[in-house]
Amino acid sequence: MRTAFKLSTLLIFPALVVISLVIFYPRASKAINNSEECLNCHVSKGITASAIRDWKLSKHFEAGVACADCHIPVKEAVKEIHESKSNCEDKRVRRLVSPRNCAQCHEDKVNEFERGKHALAWVAMMAMPTTKDQPSVLIEGEKGCGGCHRIGRDEGKCDACHTRHRFSTIEARKPEACMTCHMGFDHPQWEMWSTSKHGTIYFTEGKNWDFSKPLKDWYKEPYKADPSTPRAPVCQTCHMPNGDHGVKTAWGFLALRVAEKDPEWAKLRNTIMRGLGVLDEKGNFTERVKIVEAGKVVRLTAEEWQAERDRMLKVCSQCHSPSYAKEQLDKADEVIKESDKLMAEAIEIVESLYKDGIIERPKDYPLHTDLLRFYEVRHPIEQKLYVMFLEHRMRSFQGAFHMNPDYQHWYGWAEMKRDLAEIKHEAEMLRKQFAQAKQKKK
Ligand code: HEC
Ligand code: HEC
Ligand code: HEC
Ligand code: HEC
Ligand code: HEC
Ligand code: HEC
Ligand code: HEC
Ligand code: HEC
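In this text, all values refer to a predicted model and were calculated from it rather than measured experimentally.

Peer 1: Can you explain the site of ligand 6? Please cite residues and give values.
Peer 2: Residues in close proximity to ligand 6 total 19 residues, the closest being Cys158, Cys161, His162, Arg173 and His245. Taking Arg173, its side chain carries an N or O atom lying 2.6 Å from an oxygen atom of ligand 6. At a separation of 2.8 Å, an oxygen atom of ligand 6 approaches a polar backbone atom of Leu215. Counting residues per element, the ones that place at least two in the shell around ligand 6 are α7 (107–115) and α10 (169–173). Of the residues belonging to the shell around ligand 6, the class tally is 10 nonpolar, seven polar and two charged.

Peer 1: Describe the side chain of Ser396, naming the residues involved and giving the relevant values.
Peer 2: With respect to the helices and strands, Ser396 occurs in helix α18 (residues 380–401). The buried category is assigned to Ser396, whose relative accessible area is 0%.

Peer 1: Provide a residue-level description of a nonpolar patch on the surface, including the pertinent values.
Peer 2: A surface patch of nonpolar side chains, amounting to about 230 Å² of accessible area, comprises Val258, Phe285 and Leu300. The class for Val258 is partly exposed, based on a relative accessible area of 32%.

Peer 1: Hey, could you go over the site of ligand 7 for me, with residue numbers and the actual values?
Peer 2: The environment of ligand 7 is made up of 22 residues, and the closest members are Cys235, Cys238, His239, Trp251 and His402. Residue Ala250 places a main-chain N or O atom 3.4 Å away from an oxygen atom belonging to ligand 7. Residue His402 places a side-chain N or O atom 2.9 Å away from a nitrogen atom belonging to ligand 7. Mapped onto the shell around ligand 7, the elements with two or more residues apiece are α11 (189–194), α13 (235–239), α16 (302–316) and α18. Of the residues that constitute the shell around ligand 7, the class distribution is 13 nonpolar, eight polar and one charged.

Peer 1: Can you tell me about the packing of α16 against helix α17 (residues 322–355), naming the residues and giving the values?
Peer 2: In contact at an axis separation of 9 Å, α16 and α17 are set at 135° when each is read in the N-to-C sense. Taken together, the axis directions place α16 and α17 in an arrangement best described as oblique. Here the hand of the crossing between α16 and α17 comes out right-handed. On α17, the residues that touch Trp305, Arg309, Met312, Leu313 and Cys316 of α16 are Ala325, Lys326, Leu329, Asp330 and Asp333. Of the residues contributing to the contact of α16 with α17, the split by class is six nonpolar, no polar and four charged.

Peer 1: Tell me what's going on with the coordination of the iron atom of ligand 8, and back it up with residues and numbers.
Peer 2: Around the iron atom of ligand 8, the protein contributes the donor atoms His198 (NE2) and His320 (NE2), which lie 1.9 to 2.1 Å from the metal centre. For the iron atom of ligand 8, the six donor atoms are set out with angles of 87 to 178° between them, so the coordination reads as octahedral. Of this pair, His198 sits in helix α12 (residues 197–205) while His320 sits in the loop between α16 and α17, placing them 122 residues apart in sequence. Accessibility expressed as a relative area gives 36% for His320, which makes it partly exposed.

Peer 1: Residues and numbers for the UniProt feature "coiled-coil region" (unreviewed entry) in the protein, please.
Peer 2: What UniProt calls "coiled-coil region" (unreviewed entry) maps, in this numbering, to residues 413–440. Overall, residues 413–440 shows 100% helix and 0% strand. The separation of its end C-alpha atoms is 41 Å.

Peer 1: So what's going on with unusual backbone geometry? Residues and values would help.
Peer 2: Put simply, Arg164 and His165 share a cis peptide bond, and its omega is -10°. Structurally, His165 can be placed in the loop between α9 (145–149) and α10. The residue Asn242 is not glycine, and still its phi comes out positive at about 60°. Among the structural elements, Asn242 can be located in the loop between α13 and α14 (263–275).

Peer 1: Can you explain the environment of Asp370? Please cite residues and give values.
Peer 2: Inspection of the secondary structure puts Asp370 in the loop between α17 and α18. Given the relative accessible area of 3%, Asp370 is considered buried. Sequence-wise, Asp370 and Tyr386 are 16 residues apart; in three dimensions their C-alpha atoms are separated by 8.8 Å. Of note is the side chain of Asp370, whose polar atom sits 2.8 Å from the side chain of Arg288.

Peer 1: Break down the domain arrangement of the protein for me, citing the residues and quoting the values.
Peer 2: According to the domain assignment, the protein consists of domain 1 (21–71) and domain 2 (263–441). A C-alpha centroid distance of 51 Å is found between domain 1 and domain 2.

Peer 1: I'd like a description of helix α2 (residues 49–56), backed by residues and values.
Peer 2: Of the positions making up α2, those classed as buried are Ala51, Ile52 and Trp55. Along α2, the residues classed as buried sweep out an arc of 95° about the axis, all on the same side.

Thresholds, definitions, all that
Residues numbered from 1 in each chain as written. Chains lettered and ligands numbered in written order. Predicted model: local features only at pLDDT ≥ 70, side-chain atom pairs only at ≥ 80, totals over all residues. Heavy atoms only, no water. Near = heavy atom within 4 Å. Polar contact = N/O pair within 3.5 Å; in protein donor to acceptor, adjacent residues only side chain to side chain. Helix = DSSP H or I, 4+ residues; strand = E, 2+ residues; numbered from the N terminus. Nonpolar A, V, L, I, M, F, W, Y, C, P; charged D, E, K, R; others polar. Buried < 20%, exposed > 50% of the residue type's maximum accessible area, 1.4 Å probe, protein only. Patch = residues over 30% accessible without salt bridge, like charges linked within 9 Å, V, L, I, M, F, W, Y side chains within 5 Å. Areas by Shrake-Rupley, 256 points an atom, 1.4 Å probe, with all protein chains shown as cover. Salt bridge = Lys/Arg side-chain N within 4 Å of Asp/Glu carboxyl O. Axes fitted to C-alpha atoms, helices over the stretch in contact; angles between N-to-C directions. Parallel < 35°, antiparallel > 145°, perpendicular 65-115°, else oblique. Left-handed = near helix turned anticlockwise from the far one by under 90°. Contact = heavy atoms within 4.5 Å. Donors = N, O, S within 2.8 Å, 3.2 Å for Na, K, Ca; no water. Tetrahedral: all angles 85-135°; square planar, octahedral: opposite > 155°, others 65-115°. UniProt positions renumbered as here; feature names shortened; annotations may be inferred. Domains from an automatic or database assignment. Arc of directions from axis to C-beta.

And the structure:
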């Protein structure tokens, strides 16, 4: 019995080696064969070592995907790629890679990505009135705004989460994959999540979790207790359920929806939309609405909003009771409304300074204030208004949605209160100065 067992294992082992050689060797060598020209020259010149090393460690190498499969653009690639520069001696090669090349083999993922907001990142950034005022090195050169918004450039940069040339799904499933862009001033999701209870559990137990499992399999057997299944959600659990690349939330970045049933809130919303130059004083859309539509910056229908909310509730309900989850999200909605009250009041104060001629309206402003200009505004009171809108209002509601009371309260809400007090004070001083100057003239 014992010898028979040993004999069979002894036989199985070499058999496995032979089988795996038969299966893998031709493919790996196919990848090398197809890349031979590229590799020979690159290696002889001692260049692009990390590309070659990482590619050799990737699933692509195992599967026989060659350098040329990605670096020689297919004809469907955008003209920016076809016309882009490359320092390679092979003139068919481009440094930039199109998602159309990936689509040859991963059409489903490319289609999902296209439905989501990441695909619009470049368009939305370019549409901002502030963008034309930035040095091109920050936009086209990707050192500032462009460095993050490149995720949507040339129809999409697929290496944003699974970096080249490993293209590892394990890397992409970890929340660190999102942090370079989703941090800081106006969208500190990394900081909010990582210090929330959800994040805390990841940092204490995450090293034992199995990130090689596809997202759709994490809670496939919902009552099976297994310490390698994540007990707390990471960014991807909530925002890429089942691995869906089409990221999109109900409220979005600016937390503005057009179809609003609550009349009190609708009024506040209109004031904010006026501050963005999207509505005029009569409540009609301005030319600006085209920007908003192109980048899907604002949710235009109630259905669009509800579909995303329902999807999120399903995610929370994999772990929490559905009513607990719903209450949490409802309360975060209420935080938006409370924050909008402060925001609308501040916008109205600054608007009134324009109306009364106390501060002069630049000719190219759509109305009185222009929040889509970000920091490209002249007056200190407008600078304050911009910070209140883009930093503090954001943190107030984003903190509520990411279970982070500190960001919600001290970095968000409390700062909005301070901004409002300072804006009020500054407006009073400006009015006084204006009245005094008028008196002198008389
Ligand atoms: C005869 C030599 C040679 C061959 C063949 C060759 N390359 Fe290159 N490649 C170079 C050199 C030289 C560079 C430039 C390095 C630099 O200046 O940064 C380069 C650069 C590149 C770059 C980066 C381009 C840039 O502008 O940064 C890519 C991508 C590339 N090669 C891919 C390929 C692929 C794919 C193949 C095979 C289809 C290939 N190369 C074949 C010599 C070669
Ligand atoms: C699965 C697709 C894929 C394969 C296969 C692939 N690359 Fe790339 N490579 C990319 C992507 C994506 C980028 C980033 C392009 C962009 O910014 O649009 C890139 C960028 C590069 C760059 C420029 C950036 C840098 O870091 O220097 C070089 C050089 C390069 N690849 C070389 C190679 C070589 C050599 C091979 C073969 C050993 C190879 N690549 C195989 C997808 C691929
Ligand atoms: C010529 C076909 C081909 C092209 C082109 C291609 N891939 Fe792949 N890709 C594959 C194959 C085959 C696998 C392995 C599938 C498997 O193991 O299940 C794979 C696997 C992957 C994986 C999963 C790796 C892992 O760790 O599980 C990612 C991510 C990926 N590809 C991204 C890309 C991206 C991004 C591009 C374009 C820049 C691209 N691929 C281009 C064929 C291709
Ligand atoms: C290279 C930078 C970058 C990386 C990495 C990145 N994102 Fe984004 N993300 C953006 C930008 C820029 C936008 C805004 C795009 C737009 O709406 O025009 C965005 C938008 C989003 C949105 C949509 C919000 C809305 O408007 O509804 C979600 C959700 C999101 N990202 C989640 C993630 C997750 C999860 C990860 C990691 C797995 C991630 N992102 C990685 C840059 C990035
Ligand atoms: C650190 C990376 C980063 C930088 C730098 C950056 N952004 Fe963003 N931007 C993002 C992310 C991430 C989002 C999505 C955040 C969210 O939904 O909470 C976003 C969202 C946006 C949106 C909203 C898109 C939408 O449809 O909802 C616009 C517009 C925008 N950014 C423009 C700019 C401009 C203009 C600049 C430079 C002045 C800039 N961004 C700089 C990462 C960045
Ligand atoms: C926002 C981050 C992010 C971006 C950008 C991104 N991916 Fe992914 N990708 C992921 C995550 C997370 C997974 C793991 C999904 C899962 O577990 O089902 C993944 C998995 C994959 C896989 C393996 C799918 C499978 O079922 O094994 C492929 C292929 C892939 N991505 C291709 C792409 C392509 C092509 C693009 C560009 C159009 C892209 N990805 C852009 C995060 C991203
Ligand atoms: C527990 C689930 C959960 C996790 C984990 C999570 N988010 Fe969110 N996220 C939400 C909810 C809920 C919203 C608001 C959705 C809505 O509009 O209804 C949201 C909104 C967003 C938005 C839109 C702007 C905002 O903040 O309201 C972005 C971008 C985003 N999350 C990125 C991330 C990133 C990046 C991570 C990881 C660092 C992350 N999220 C972790 C649940 C989560
Ligand atoms: C993978 C399971 C999982 C998912 C998905 C999940 N949570 Fe949690 N959540 C947890 C665990 C575990 C805790 C820690 C319980 C505790 O505080 O004792 C927690 C804690 C919380 C807390 C309490 C935070 C605190 O500081 O006490 C809130 C609120 C919360 N989750 C809301 C949500 C919402 C809303 C969603 C969906 C957007 C969600 N969760 C998705 C597992 C999950």
